[in-house]
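Spelled out from the first residue to the last, the chains are:
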Amino acid sequence: MQAMHHGDLYTAYHPRWLRQPKNTYWWLEKPSYFAFILRELTCLPVAWFAVYLLLLTQAVIDSPAAYAQFMAWSASPWMILVNVVSFALLVFHAITFFVAAPQALIVHLGRTRVPGSLILIGHYAAWAAASVVVIWLLGRA
Amino acid sequence: MIKRHPEPLLWVLFSAGGMLSGMLMPALILMFGIAYPLGWVTPPRYEQMAGLMANPIVRLALFGLIALSLFHWAHRFRHTLYDGLQIKHLNEVVAVVSYGAAVVGSGLAAYLLWQVG
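Residues numbered from 1 in each chain as written. Chains lettered and ligands numbered in written order. Predicted model: local features only at pLDDT ≥ 70, side-chain atom pairs only at ≥ 80, totals over all residues.

S.K.: Whenever I open this one, the overall build of chain A confuses me. Can you help?
M.R.: Within chain A one finds 5 helices and 2 strands. Going from N to C terminus, chain A has its helices and strands arranged as α-α-α-α-β-β-α. Burial analysis of chain A (141 residues in total) assigns 21% to the buried set. Taking contacts inside chain A between residues at least 6 apart in sequence as the whole, the part at least 24 apart equals 39%. (Helix = DSSP H or I, 4+ residues; strand = E, 2+ residues; numbered from the N terminus. Buried ≥ 20, exposed ≤ 12 C-beta atoms within 10 Å, placed from the backbone. Contact = placed C-beta atoms within 7 Å.)

Structure representation (structure tokens):
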């Protein structure tokens, strides 16, 4: 017991955890790791398209000429490429987000729990309906 | 005293932004980014577009979409840099820059969508 009072038996510092350092490119090791990082990277086209909508709003505020210029800019080859890649990633984002929804959303009807598959179908149905409304609104404009 | 953590609120914003962007963005980018530029569909004329964006419900929806999408990005971007690229020593800087950009972008969206009417 006396030894406990001697400072040389232990250190005041928190011990370092034993953790194997992970390679920065760990996500290239397995397809499932890569899919995970790809899913996380869909946040980039989400942000990009939010900025795109801000630019569209600014063009509509400015003038008919600014709007025409914005639409011409959207039709440049680089922009089409960026937006085609963004479209693919945004569809991947939507699917992965809706697939995860039944795990976050527990719904009860009376005493029975609504099955996850039904919640997933509900999300897909809402997605389809929202897409139809967007395209209908734009087509009617 | 209980220390309040911002993480639950940030997660709610992330979640709402992910849901809204997932529902609306694929159709929007399909039209603006692909269908109009490639000439599959005739784009709306200026008066039509301005008329559509003058609608208060459209403006409110656009504000929610833009602001929540930016918070969705900020949250996911921060965690991807942390877990994916293991940039842990810059965690505070990354958080301030990401959420800061989302706040600034939301303010800009409110300002512009207020003007467009």
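S.K.: Sorry if this is basic, but what is going on with the nonpolar core here?
M.R.: Across soluble globular proteins, you tend to see nonpolar side chains buried next to one another. Ranked by internal contacts, the top residues of the largest apolar core, which has 48 residues, are A:Phe49, B:Ile29, B:Ile66, B:Leu70, B:Phe71 and B:Trp73. Every element with two or more residues in this core is listed here: α2 (43-62), α3 (64-74), α4 (77-104) and α5 (116-140) of chain A together with α1 (7-35), α3 (56-83) and α4 (91-115) of chain B. Sort the elements by how many residues they give to this core and α1(B) lands first, with 12 residues. In this structure, A:Phe49 is in contact with A:Ser86, B:Met25 and B:Ile29, ignoring residues within four places of it in sequence. (Core = buried A, V, L, I, M, F, W, Y, C linked by C-beta atoms within 7 Å.)

S.K.: Can you help me understand the packing of α1(B) against α3(B) in this one?
M.R.: Each packed pair of helices is defined by two parameters, the angle between the axes and the distance between the axes. All names here are of chain B. α3 packs onto α1 with a crossing angle of 120° between their chain directions and a minimal axis gap of 7 Å. It follows that α1 is oblique to α3 by the angle criterion. Two packed elements cross with a definite hand, and for α1 against α3 that hand is left-handed. Where α1 abuts α3, its residues Leu10, Leu13, Phe14, Ala16, Gly17, Gly18, Leu20, Ser21 and Leu24 lie against Gly64, Leu65, Leu68, Ser69, Phe71, His72, His75 and Arg76. Per-class residue counts for the contact of α1 with α3 are 9 nonpolar, 7 polar and 1 charged. (Axes fitted to C-alpha atoms, helices over the stretch in contact; angles between N-to-C directions. Parallel < 35°, antiparallel > 145°, perpendicular 65-115°, else oblique. Left-handed = near helix turned anticlockwise from the far one by under 90°. Nonpolar A, V, L, I, M, F, W, Y, C, P; charged D, E, K, R; others polar.)

S.K.: Help me understand the packing of α2(A) against α4(B) in this model?
M.R.: Between α2(A) and α4(B), the shortest axis-to-axis distance is 10 Å and the interhelical angle comes to 30°. Taken together, the axes of α2(A) and α4(B) lie roughly parallel to each other. With respect to the hand of their crossing, α2(A) and α4(B) are arranged in left-handed fashion. Seen from α2(A), the contacting residues are A:Ala50, A:Leu54, A:Thr57, A:Gln58 and A:Ile61; seen from α4(B), they are B:Gly105, B:Leu108, B:Ala109, B:Leu112, B:Leu113 and B:Gln115. The class makeup of the residues in the contact of α2(A) with α4(B) is 7 nonpolar, 4 polar and no charged.

S.K.: Would you take a moment to explain the interface of chain A and chain B for this structure?
M.R.: Quoted interface sizes are often the accessible area lost when the parts come together. Opposite the 42 residues of chain A that make contact, chain B presents 46 residues. Of all the elements in the fold, those that place two or more residues in the side of chain A that touches chain B are α1 (31-41), α2, α3, α4 and α5 of chain A. For the side of chain A that touches chain B, a count of residues per class yields 32 nonpolar, 8 polar and 2 charged.

S.K.: Even after reading the chapter, I still don't get the environment of B:Gly33, so can you show me in this structure?
M.R.: Inspection of the secondary structure assignment puts B:Gly33 in helix α1. Using a count of 25 C-beta atoms within 10 Å as the deciding quantity, one classes B:Gly33 as buried. Contacts of B:Gly33, omitting those with residues within four sequence positions, involve A:Ser74, A:Asn83, A:Val84, A:Ser86 and A:Phe87.

S.K.: Whenever I open this one, α1(B) confuses me. Can you help?
M.R.: Note on helix geometry: an α-helix contains 3.6 residues per turn, so any two residues three or four positions apart are oriented the same way. Here α1(B) contains 29 residues, and its C-alpha end-to-end distance of 39 Å stays within 8% of the 42 Å for a straight helix at 1.5 Å per residue. Maximal helix bending in α1(B) amounts to about 40°, located at B:Met25; proline B:Pro26 follows within four positions. (Expected span 1.5 Å × (residues − 1). Bend = angle between axes of the 7 residues up to and from the residue.)

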